[in-house]
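Now for the letters of each chain:
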Amino acid sequence: LWGHLVPADLDAHRPVLLELNVEYLSWIEQISEELFGLRLRDMLGADVRTYTEGALDAMVSAAQRHGAFYLVEVDGVPVGMGALRRFAHGVAEVKRMYVRPEHRGRRLGATLLTQLVSDARSLGYDEVRLDTGPFMGAAHRTYAAAGFVDRDAYEGAEVPKQLWPHWRFMELSLR
């Protein structure tokens, strides 16, 4: 059974949003340290939980104002998330695409991405950008299948600049 998308609500979903964001960033932290010897804590200036607690409200409310933030549920249990935020005039950015490892391979990420791109179109964006770790192979295939193509790193991306040489940046034209 594939999941369904539930618009995230900060009041109702704060604990699970915090948990998923900490899981996601902890995964990035672990792999970045293993692969590149770079500590996310050093690059962010805080540990993952503190960074997430400080950024969560702004991230979710910004996504809700000019984009979307969804929880992915399977049998009523949140197993993933993803967001679309306004990045610049006419440009949206996909953020926090994450599905828990035990639920991967069910096309939940593809379902989520399809919705986020549809939201970007209906909100009048001309382009959607994203950044993705080099170890996120399934995500790369999902983005490419949706029409995303590689592009140069871009100022304003959340990923710390120290990771840019290792990271993949992609875009999709909606024009």
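Relevant structure appears above.
Residues numbered from 1 in each chain as written. Predicted model: local features only at pLDDT ≥ 70, side-chain atom pairs only at ≥ 80, totals over all residues. Heavy atoms only, no water.

Looking at the pairing of strand β3 (residues 77-88)
Inference 1: Relative to β3, strand β2 (residues 68-74) runs antiparallel, the two sharing 7 bridges. Following the sheet pairing, Ala68 is matched in β3 by Leu84.
Inference 2: Where β2 folds back onto β3 in an antiparallel hairpin, the turn is made up of 2 residues, including Asp75, whose phi is positive at roughly 50°.
Inference 3: Bridge count for β3 against strand β4 (residues 91-99) is 7 bridges, and the pairing is antiparallel. (Pairing = 2+ DSSP bridges. Helix = DSSP H or I, 4+ residues; strand = E, 2+ residues; numbered from the N terminus.)

Focus on the pattern of salt bridges
Charged atoms that come close allow side chains of opposite charge to pair.
Inference 1: Considering all chains together, one arrives at 13 salt bridges under this definition.
Inference 2: Two residues, Asp131 and Lys95, come together in a salt bridge whose shortest N-O distance is 3.5 Å. With Asp131 in strand β5 (residues 127-132) and Lys95 in strand β4, this residue pair connects regions lying 36 residues apart in the sequence.
Inference 3: Taking the relative accessible area as the measure of exposure, Asp131 reaches 12% and is therefore buried.
Inference 4: Look at Lys95 and you get buried, because its relative accessible area is 8%.
Inference 5: Here Glu127 and Arg129 are joined by a salt bridge, their closest N and O atoms 2.7 Å apart. Of the two residues, Glu127 and Arg129, neither departs from the other in class, the shared state being buried.
Inference 6: Through salt bridges with shared partners, one network takes in Lys95, Arg96, Asp131 and Glu158. (Salt bridge = Lys/Arg side-chain N within 4 Å of Asp/Glu carboxyl O. Buried < 20%, exposed > 50% of the residue type's maximum accessible area, 1.4 Å probe, protein only.)

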